[in-house]
Amino acid sequence: MSRPDTTPTPPTRERSGRHSWVRVFLPVALILVWLVGASLGGPLFGKVDEVSSNDQTTYLPASADATKVQQLLGEFNDSDAIPAIAVFVSDDELTQTELDAISKAVAAAPDVEGVGSDVSPALPSDDGRAVQAFIPIDGDAELADATAALGDELRAAVPDGIEVYITGPAGFSADLVAGFAGIDGLLLGVALLAVLVILVLVYRSFLLPLVVLSTSLFALCVALLVVWWLAKFGVLLLSGQTQGILFILVIGAATDYALLFVSRFREELRVAQDKGAAVIAAWKGSVEPIAASGGTVIAGLLCLLLSDLKSNSTLGPVAAIGIVFAMLSALTLLPSLLLLFGRAVFWPRRPRFEPEVVAAEHGMRTTGLWARLAGLIKRRPRVIWIVTTLVLLAGAAGVTQLDANGVPQSDLVLGASEARDGQTVLGEHFPGGSGSPVYVVVKEDRLQDAADILLANDGIDSVSVTASDSPSGSAPVTADGITAIGAPGTPAPEPTTVDGDVLLQGTLTDAADSEAAAATVRELRSDLDGVGALVGGVTATSIDTNDASIHDRNLIIPVILVVIMFILMLLLRSIIAPVLLILTTVLSFGTAMGVSALVFNGIFAFPGADPAVPLFGFVFLVALGIDYNIFLMTRVREESKAHGTREGILRGLSITGGVITSAGLVLAATFAALSVIPILFLVQLAFIVAFGVLLDTFVVRSLLVPALTYDIGKAIWWPSKLWRRGEP
C-alpha cells in the first residue's frame, strides 16, 4: 500500500473569473475620479496666499486683550493699512540739503503702488544722523512687492551716502511673506525629489516610484482643493506655516501607506499568478493597519481643536483632511494602478510566482539584515532593550537645555533681513519701540489716569492719543494733559472716541520684540487693570501668542497620549502592549527633543524656539511614530496567532523591517525638506521630526520594541484571548 503524500501544499491565490468586468471598469473609474480631482486642485498651487493670512492677531483667542484692541484699531484709524517705518541713516550728521531731499522723498511715497496716503513727516533723530518716517502700506496690496518698491523708490530719491531701510510691522510681515514664497515650488519640488530618489534606491525600479509618487501627489491635489475652498468660505484659517505642514504631511503619509500596500502586494505576487487576486489579498492585509494608522494620526491632530491659539486649532482639521485623502489614495488609487500594471510595475525586478519557496520559508525569509537582527534579539533581548533605553535616556537629558519660551519677531526669518537690520539701526538713533507702539484702549474719563501710568513706566518714552482733528492724527499727552500742536494759543485737539473709548499710544524705549518690552507690557497690564484698560499692539500680541501656546502645549500633549493609547488598546485588544508602545514613543520623543536642543544651541546658535515647537514636534512624532508601531504590531499579532508571541515578534520584525525602514526614510526626507523654507519654526520642526523619525525607525522600532516585547512574552497581550491561549 502506498504512503500518503505529506508534502506541504504551496499557498496560492486562485484566479476568480467572477465579476471580471469589475476588475476592468472599477479601477479605470477610480483613476478617472482622482484625475478629475487632481486637475481641479492642481491649479490652486500658487494661489493659497489668496485665502491665507500670516497676521498673528488673526490666530489669537477672541478673549485675548490684543485681539480686542486689534479689532478696535480699525474704528479709530478707519484704515486696515499696515505701518512701515522708513529709516534713513548716515555716518555723519545730515545736512539741511539732505534733510530736504529725505522730506521730499517721504512726501512722494504715496505715488508708489500699494502705499497709503497718510504718511507722517520725516522725523530727525536727536543726534542728527538719522530720520524716520511712518508710511502705511495698503491692507489689500501685495505686501512684499509694495515694501520692496517703496525701498527702491526712497533709495533712488535720496543723496548718495544715506542708507535706507524699510522696517516695522510691514517690513517684518514682508519678510514672512517672502520666506513662505517657496512653499508651492521649492518645498514641493525638494520633497518630491527626495522621495523619488529614496524609492528608486529602495526598489531599484523606474515605474514603481512614479506610481507611488503619483498616489501622493494626487492625494495632495485633492486635499488642497478641499482645504482651499473651506478657507475661501471662512470655514478654516490657513497660513503659510499650515500650508507647508499640509504639503509635507500628505506626501509623507501617503507615501508611507503606499509603501505598506506595495510591500504586501509584492508578498502576494509570490503566491498568486493572478494580479487581481494579489491586489485583493494585499488590500485585505493592508486596510486594517492603514486605517488604524491614519485614524490614529487624525485623532491626534484633531486634539489640536482644544487649542486656544487658532494657528494650532486650525492645523488640526487641515492636516486631518490631508491624512484622509492620503489613506483614500493608498486604498483606492494605488490598488487601481497596481491592478493595471501588475508585475510590470516592479520592472526590472519583477517578483516571481514561487509558492514552493514561500512554503519552505513558512512566510518569513531566513536570510538578510532583518533575519539576522531577529536572531540577535532572540539571543540577547534583555541586554538589547536595557542598553537601548539607557542610551535614549541619556539623549533625553538634553531636553533641559531647550529654550521654548518664544523668539523675537526679528528672528522669525532666517538669513538676511532688511527689516531686522532696520530695526537695529532704528534702536541706535530713536526709541527702540518706534513704529510698534503699545496701544491702550480706555474710557475717555480715565484717559489721564491711563496716560499717567504709562508715563510713570521707565519702559515708555512718550505717550500720544488718537485725535482726528490733529494734523498728524494724534496728539502728545503729558502729565498736564493733551498738548496743543501748532502756534501758541492753539487749542489742544479733542481725542477721537469710539463708544466712549479713546486710544492711547505708548512708544517703547526698547525694541517691540525684546524681552524688556515684553516685561514693560506685562507691568502695564497689571498697573492699568485698575482703570479698566485693554493693552494691545505688536508686543502684546507676541505675549498673548506665547501664553496661549504654553497653555496649549500643557493641555494637548496629555490628551493626545490618552487618545492614542485608547485607540491602540482597541486595535491590539490589549492593555500591556499599548502602554509599552506609548512609553517607548514618549522616550523616543524626549530623546529627539533633547538632541535637538543641544544642536539648536551648540551648532546653529538659534535664539530660542516658539512654545509651539515642542507641541507640533510631539504631535507629529508621536502620531506618526505610532504608525510604525501599528505597522509592526498588527503584523506581530497576526503572526502570533499562528506561531506564538515570541516567534510572532521575530517574524513580524523580519517581514516589516524593510517596509518600516523605507517608510521612515521617506517621512524623514519629506519633513527635512521643510528646512528649505527660511522660517525658524519650520527649520526647527524639520530637524526635530526628521531626526525623531530616524531614531524611531532604526532604534526604537528595530531594537527597543522587539527586544522588550520578546523579553516579556505573551503577557503583552493581556487581557486578550491571545494572552490566555497556549503557545502553538
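Details of the structure are given in the entry above.
Predicted model, so just to flag it, every value in this text is computed and none were measured.

Next up on the list: the overall build of the protein chain. Along the backbone of the protein chain there are 23 helices and 10 strands. Principal-axis analysis of the C-alpha atoms gives the protein chain an extent of 130 × 50 × 45 Å. Within the protein chain, buried positions represent 56% of all 728 residues. Across the protein chain, contacts joining residues at least 24 apart in sequence account for 80% of those joining residues at least 6 apart. Entry remark: accessible area of the protein chain is about 30,400 Å², with carbon and sulfur atoms responsible for 59%. Between the mean site of the 45 positive side-chain charges and the mean site of the 71 negative ones, the protein chain shows a separation of 32 Å.

To continue, consider the packing of aromatic side chains. Per the counting criterion, the structure on display carries 13 aromatic pairs. Relative to Phe346, the ring of Phe265 has its centre 6.0 Å away and its plane inclined at 25°; by these criteria the two rings are stacked. Of this pair, Phe265 sits in helix H8 (residues 240-269) while Phe346 is found in the loop between helix H11 (315-341) and helix H12 (355-361), placing the two residues 81 residues apart along the sequence. For Phe265, a relative accessible area of 0% puts it in the buried group. For the ring pair Phe589 and Phe618, a centre distance of 5.0 Å and an interplane angle of 85° mean the geometry is edge-to-face. Here Phe589 is found in helix H19 (residues 576-602), whereas its partner Phe618 is found in helix H20 (residues 612-643), with 29 residues between them in sequence. Overall, Phe589 belongs to the buried group, its relative accessible area being 13%.

To continue, consider a nonpolar patch on the surface. Nonpolar side chains collect at one region of the surface, where Val28, Leu32, Leu35, Leu340 and Phe341 lie side by side and expose about 410 Å² of accessible area between them. Among the elements of the structure, helix H1 (20-41) and H11 are those that each provide at least two residues to the nonpolar patch. Element by element, the count of residues in the nonpolar patch is highest for H1, at 3 residues. By the secondary structure assignment, Phe341 is in helix H11.

The next point concerns the sheet that holds strand E9 (residues 501-508). The strand order across the open sheet formed by 6 strands is E8-E7-E6-E9-E5-E10, and the pairing between neighbours is antiparallel. Edge positions in the sheet fall to strand E8 (481-482) and strand E10 (534-537), since each has one partner strand and no second. As defined by bridge partners, strand E5 (residues 438-443) adjoins E9 across 6 bridges and the pair is classed as antiparallel. Directly across from Lys443, in E9, lies its bridge partner Asp501. Against the sheet, helix H18 (residues 538-572) contacts E9 and E10, and its axis sits at roughly 100° relative to E10.

Strand order in the open sheet formed by 4 strands is E2-E3-E1-E4, with antiparallel pairing between adjacent strands. Among the strands making up the open sheet, the edge pair consists of strand E2 (123-124) and strand E4 (163-167). For strand E1 (residues 82-89) and E4, the ladder comprises 5 bridges, and the chain directions are antiparallel. In the strand pairing of E4, Val89 is matched with Glu163. Set on the sheet, helix H5 (residues 168-180) makes contact with E1, strand E3 (130-137) and E4; between it and E1 the angle comes to about 100°.

So, about the environment of Phe566. Looking at the secondary structure, you find Phe566 in helix H18. Separated by 13 residues in the primary sequence, Phe566 and Val579 have C-alpha atoms spaced 9.6 Å apart.

Once that is clear, we can look at the pairing of strand E7 (residues 474-478). In this structure, strand E6 (residues 460-466) lies alongside E7, joined through 3 bridges in antiparallel fashion. Looking at E7, one finds that Ser464 is bridged to Pro476. Direction of pairing for E7 relative to E8: antiparallel, over a ladder of 2 bridges. Considered in E8, the bridge of Val477 is made with Ile482.

Calculation rules
Residues numbered from 1 in each chain as written. Predicted model: local features only at pLDDT ≥ 70, side-chain atom pairs only at ≥ 80, totals over all residues. Heavy atoms only, no water. Helix = DSSP H or I, 4+ residues; strand = E, 2+ residues; numbered from the N terminus. Buried < 20%, exposed > 50% of the residue type's maximum accessible area, 1.4 Å probe, protein only. Contact = heavy atoms within 4.5 Å. Areas by Shrake-Rupley, 256 points an atom, 1.4 Å probe, with all protein chains shown as cover. Lys, Arg positive; Asp, Glu negative; His and termini not counted. Charge placed at Lys NZ, Arg CZ, Asp CG, Glu CD. Phe/Tyr/Trp six-rings, centres within 6.5 Å; stacked < 30°, edge-to-face > 60°. Patch = residues over 30% accessible without salt bridge, like charges linked within 9 Å, V, L, I, M, F, W, Y side chains within 5 Å. Salt bridge = Lys/Arg side-chain N within 4 Å of Asp/Glu carboxyl O. Pairing = 2+ DSSP bridges. Axes fitted to C-alpha atoms, helices over the stretch in contact; angles between N-to-C directions.

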